[in-house]
Amino acid sequence: MRRRPGQPGRRNDDEMTRMPKYTIGIVSQLLNLPPQVLRRYEEAGLLEPARQSGKNRLYSDYDISILEEIVELSNEGINANGIRYILQMRQEIYILRRQVTEARENQDGTPPSTDR
DNA sequence: CTTCTAACA
DNA sequence: TGTTAGGA
């Protein structure tokens, strides 16, 4: 029974990583990207930052990590459509990985912790 | 001063 | 992608 801190509430909504904190200006400086680019990434469906008061974008650490991914892929010459595709696959893999882990845990044998 | 959308080059 | 107009 090790490795099971979260039962109350929801599934492991890990850390406060999804907490909206940074305004577009901050993120812009943080990643050295003009605000327009950040808005366009959202427009292209690459991420969905939260909004404050319905208007202003608020990015979370999670959003930042996605943006870092986007920057890399973009630098490799992949366009928005390609990046969206890759990002979606990433998500799929993440979900499937979780399901695999759950499936293992539901097996009575309780296998050796061979994560990843 | 910061951010927002829309639009044009 | 850069920039600008026009409003909040």
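What counts, and at which threshold
Along each chain, the written sequence defines residue order, and numbers are assigned to residues from 1. Note on labels: chains are lettered from A, ligands numbered from 1, in written order. pLDDT decides what is reported in this predicted model: residues at 70 or higher carry local features, side-chain atom pairs at 80 or more are listed and counted, and totals for whole chains, interfaces and linings draw on all residues regardless. Working from all heavy atoms in the structure, the side-chain values ignore hydrogens and water. UniProt positions are given in the numbering used here, feature names are shortened, and annotations may be inferred rather than shown by experiment. Numbering of helices and strands runs from the N terminus, with a helix taken as a DSSP run of H or I at least four residues long and a strand as a DSSP run of E at least two residues long. In this analysis an axis means a line fitted to C-alpha atoms, helices contributing only their contacting stretch, and an angle means the value between N-to-C directions, from 0 to 180 degrees. Any angle that falls under 35 degrees is termed roughly parallel, while one over 145 is termed roughly antiparallel, one within 65 to 115 roughly perpendicular, and all others oblique. By definition, any crossing whose near helix is turned counterclockwise from its far helix by less than a right angle is left-handed, and any crossing with a clockwise turn is right-handed. By definition, residues are in contact when any of their heavy atoms lie within 4.5 Å. Residues belong to one nonpolar core when they are buried, are Ala, Val, Leu, Ile, Met, Phe, Trp, Tyr or Cys, and are joined through side-chain atoms within 4.5 Å. Burial classes: relative accessible area under 20% of the type maximum marks a residue as buried, over 50% as exposed, and values in between as partly exposed (1.4 Å probe, protein chains only). Following the grouping adopted for this structure description, the nonpolar residues are Ala, Val, Leu, Ile, Met, Phe, Trp, Tyr, Cys and Pro, the charged ones are Asp, Glu, Lys and Arg, and the polar ones are all others, Gly among them.

Naming follows an unreviewed UniProt entry, where chain A appears as HTH merR-type domain-containing protein of Reticulibacter mediterranei.

Now for the UniProt feature "domain: HTH merR-type" (unreviewed entry) in chain A. Under the local residue numbering, the UniProt record ascribes the feature "domain: HTH merR-type" (unreviewed entry) to residues 21-89. Here residues 21-89 runs as 61% helix and 13% strand, with 26 Å between its end C-alpha atoms.

What follows concerns the packing of helix α3 (residues 61-75) against helix α4 (residues 80-105). Relative to each other, α3 and α4 sit at 135°, their axes nearing to 10 Å. As the angle between them shows, α3 and α4 are arranged oblique. Crossing of α3 against α4: the hand is right-handed. Taking contact as the criterion, the partners of Ile 66, Glu 69, Ile 70, Leu 73 and Ser 74 in α3 are, on α4, Ile 83, Ile 86, Leu 87 and Arg 90.

Judged by nonpolar contacts, the single largest core of 16 residues is most densely connected at Leu 67 and Ile 70. Within the residue set of this core, elements represented by two or more residues are α1 (24-31), α2 (35-43), α3 and α4. Top element by residues in this core is α3. It accounts for 5 residues. Every residue in contact with Ile 70, bar those within four places of it in the chain, is listed here: Tyr 41, Leu 46, Leu 47, Ile 83 and Leu 87.

The packing of two helices is summarised by the inter-axis angle and the distance between the axes. The contact between α1 and α3 brings their axes to 11 Å, and the two run at 45°. Classified by the angle between their axes, α1 and α3 sit oblique to one another. Crossing of α1 against α3: the hand is right-handed. Between α1, through Val 27, Leu 30 and Leu 31, and α3, the contact on the second element is made entirely by Ile 64, Leu 67 and Glu 68. Each residue belonging to the contact of α1 with α3 can be placed in one class, and the counts come to 5 nonpolar, no polar and 1 charged.

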